[in-house]
Amino acid sequence: RHTRLRTVTGVQTCALPIFFAERQAKADIDASAHPTVARRIEASAPLLARIRPLLPQGMTLEAAASGFMNEGDFIAALRAASNLDVSFDQIRVKLVMVHETLGQAIRELKPEANALVEARKAEAQAKADLQMRDTADLATPDGDAEQIH
């Protein structure tokens, strides 16, 4: 059922390698059509420059962003960890593995902090980072921002 049969010079053969090659090609196309959070951030040099200093020492962008569905959640988690001096790894586990909100994660990791205020602050910082990226992406080659009407 998972193989294709081909007739080669009058002999019917099993074409498993063809199936796997086709499946790998489809996976490659899917990966390029749906880039990871890390790849989307890397596509913007200004955003990458703002995010890289927030990464835990020794952790790659790809590893840090693993499991996050969008840039905003990932950057907000980085910002919250930096703002509150808590482990990004712990925040990441609570958001990605336990599926808590950023506020819930902050409440558990830093009980003395106002979790709602800190979550909103980190989310606002992430939004500003992403808006900066979007503004930079609209810049023309001579450095002037385009006007969108």
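In this numbering scheme, every chain counts its residues from 1 along its sequence in written order. In keeping with the predicted nature of the model, local features appear solely for residues at pLDDT of at least 70, side-chain atom pairs appear and are counted solely at 80 or more, and the whole-chain, interface and lining totals rest on all residues. Note: side-chain values were computed over all heavy atoms of the structure, leaving out hydrogens and water.

**Comments concerning the pattern of salt bridges**
Thought 1: Salt bridge criterion: a side-chain nitrogen from Lys or Arg within 4 Å of a carboxyl oxygen from Asp or Glu. Taken as a whole, this structure holds 8 salt bridges when the rule is applied.
Thought 2: Notably, a salt bridge pairs Glu71 with Arg40, separated by 3.2 Å at the nearest N-O pair. Here Arg40 lies in helix H2 (residues 37-42) and Glu71 lies in helix H5 (residues 71-84), a separation of 31 residues in the sequence.
Thought 3: Accessible area is worked out with a 1.4 Å probe on protein chains only. A residue is then buried under 20% of its type maximum, exposed over 50%, and partly exposed in between. For Glu71, a relative accessible area of 10% puts it in the buried group.
Thought 4: Across the pair Arg50 and Asp129 runs a salt bridge whose closest N-O atoms are separated by 2.8 Å. With Arg50 in helix H3 (residues 45-51) and Asp129 in helix H8 (residues 115-137), the pair connects residues that are 79 residues apart, well separated along the chain.
Thought 5: We classify Arg50 as partly exposed; its relative accessible area is 36%. Strands are runs of DSSP state E lasting at least two residues, helices are runs of H or I lasting at least four, and both sets are numbered from the N terminus onward.

Keep in mind that these numbers describe shape and distance, not what the molecule does.
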